[in-house]
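In case you want the letters, here they are:
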Amino acid sequence: MENSSGRVDTVDGNNRGGGPDSRNDTTASSSSSPTPSAYRLFGRQVTVHQYMGGGKAADVFLWKKRHVSIGVIVVATVAWFLFERSGLPFLTICSDVLLILVVLLFLRANFADLVNKQPQSLPELVVSEEMVNNAAASFRVKINNVLLMAHDITLGKDFRVFFQVVVCLWLLSVIGSYISFFTLAYAGTILSITIPALYNKYEEHVDKYCGVIHNKLSQHYKIVDENVISRIPQSISKDKDA
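Quick notes on the rules
Residues numbered from 1 in each chain as written. Predicted model: local features only at pLDDT ≥ 70, side-chain atom pairs only at ≥ 80, totals over all residues. Heavy atoms only, no water. UniProt positions renumbered as here; feature names shortened; annotations may be inferred. Helix = DSSP H or I, 4+ residues; strand = E, 2+ residues; numbered from the N terminus. Expected span 1.5 Å × (residues − 1). Bend = angle between axes of the 7 residues up to and from the residue. Buried < 20%, exposed > 50% of the residue type's maximum accessible area, 1.4 Å probe, protein only. Contact = heavy atoms within 4.5 Å. Axes fitted to C-alpha atoms, helices over the stretch in contact; angles between N-to-C directions. Parallel < 35°, antiparallel > 145°, perpendicular 65-115°, else oblique. Nonpolar A, V, L, I, M, F, W, Y, C, P; charged D, E, K, R; others polar.

S.K.: Please give an account of the UniProt feature "transmembrane region" (unreviewed entry) in the protein that cites residues and values.
M.R.: Within this structure's numbering, the places UniProt gives as "transmembrane region" (unreviewed entry) are residues 66-83 and 89-107. Helix makes up 100% of residues 66-83 and strand 0%. Its end C-alpha atoms lie 26 Å apart. This span, residues 89-107, is 95% helix and 0% strand, and a straight line between its end C-alpha atoms measures 27 Å.

Structure, rendered in structure tokens:
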């Protein structure tokens, strides 16, 4: 009986004194506790490839098909040089390119008839009804989102969206006063074909620094919201809603 009581006291003493078992349980519970998720750009929960659609376009933007990505850069550079540096009007260049293409295809087909050679068939370009419906549905959703955002801006319901739209339009106005539309389109094409690939390669570092910047901007916006926006009379917005 004394031995059994001694064992009970020893076990109770180990549990009260925070023995190895209790320390292991504490460590396991602390390690299994959920940790806050790290900041990810655009608030995405999937990979960059999946976020961009996961199709052939995403493969091109992320340089999974290098020859196509390089071809896009080459074509964009040649088009920018023709439209911006040649001095010819846009309509003239498009007409000349189409004229040369049509003449070459016509001569190719007639040359094949002269040498009694079957001309190679061109790939058929067929737009299916499903493709058109999907594109129309996606376009409709985007248009409705833009109209809803415009509605919130005009009624003064979302100051953050209003501020973002004003800054973007102001930046476009400033940039447009220094460079032409074709140069801006060329720069956008080059940036769209390079920045996603670079971000995919250095994703962790970019998300880390963007998270720090996002926290700083959120703090400043909170100060502006508390000192300026919250003091705007609410009667104006109530009258508009009514």
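S.K.: Outline helix 9 (residues 181-201), supporting the account with residue identities and numerical values.
M.R.: Taking 1.5 Å per residue as the helical rise, helix 9 with its 21 residues ought to reach 30 Å, and the 30 Å between its terminal C-alpha atoms agrees with that figure. Of all the bends found along helix 9, the most pronounced is centred on Leu191 and spans about 25 degrees. Among the residues making up helix 9, those that are buried are Ile193, Pro196, Ala197 and Tyr199. Looking at the buried side of helix 9, the elements it contacts are helix 3 (48-51), helix 4 (56-61), helix 5 (66-85) and helix 10 (203-227).

S.K.: Hey, could you go over unusual backbone geometry for me, with residue numbers and the actual values?
M.R.: Although it is not a glycine, Trp63 adopts a positive phi angle of roughly 60 degrees. Residue placement: Trp63 occurs in the loop between helix 4 and helix 5.

S.K.: Explain the packing of helix 5 against helix 9 to me, using residue names and the numbers behind them.
M.R.: Interaxial distance between helix 5 and helix 9 falls to 10 Å at its minimum, and their mutual angle equals 170 degrees. When the interaxial angle is binned, helix 5 and helix 9 end up roughly antiparallel. Packed against helix 5, whose contacting residues are Ser69, Val72, Ile73, Ala76, Thr77, Trp80, Phe83 and Glu84, the element helix 9 presents Phe182, Thr183, Tyr186, Thr189, Ile190 and Ile193 at the interface. When grouped by side-chain class, the residues that make up the contact of helix 5 with helix 9 number 9 nonpolar, 4 polar and 1 charged.

S.K.: Outline the packing of helix 9 against helix 10, listing residues and values.
M.R.: Running from amino to carboxyl end, helix 9 crosses helix 10 at an angle of 95 degrees, the nearest separation of the two axes being 5 Å. Here helix 9 lies roughly perpendicular to helix 10, going by the angle between them. The residues of helix 10 that touch helix 9, namely those facing Tyr199, Asn200 and Lys201, are Glu203, Val206 and Asp207. In terms of residue class, the contact of helix 9 with helix 10 is made up of 2 nonpolar, 1 polar and 3 charged.

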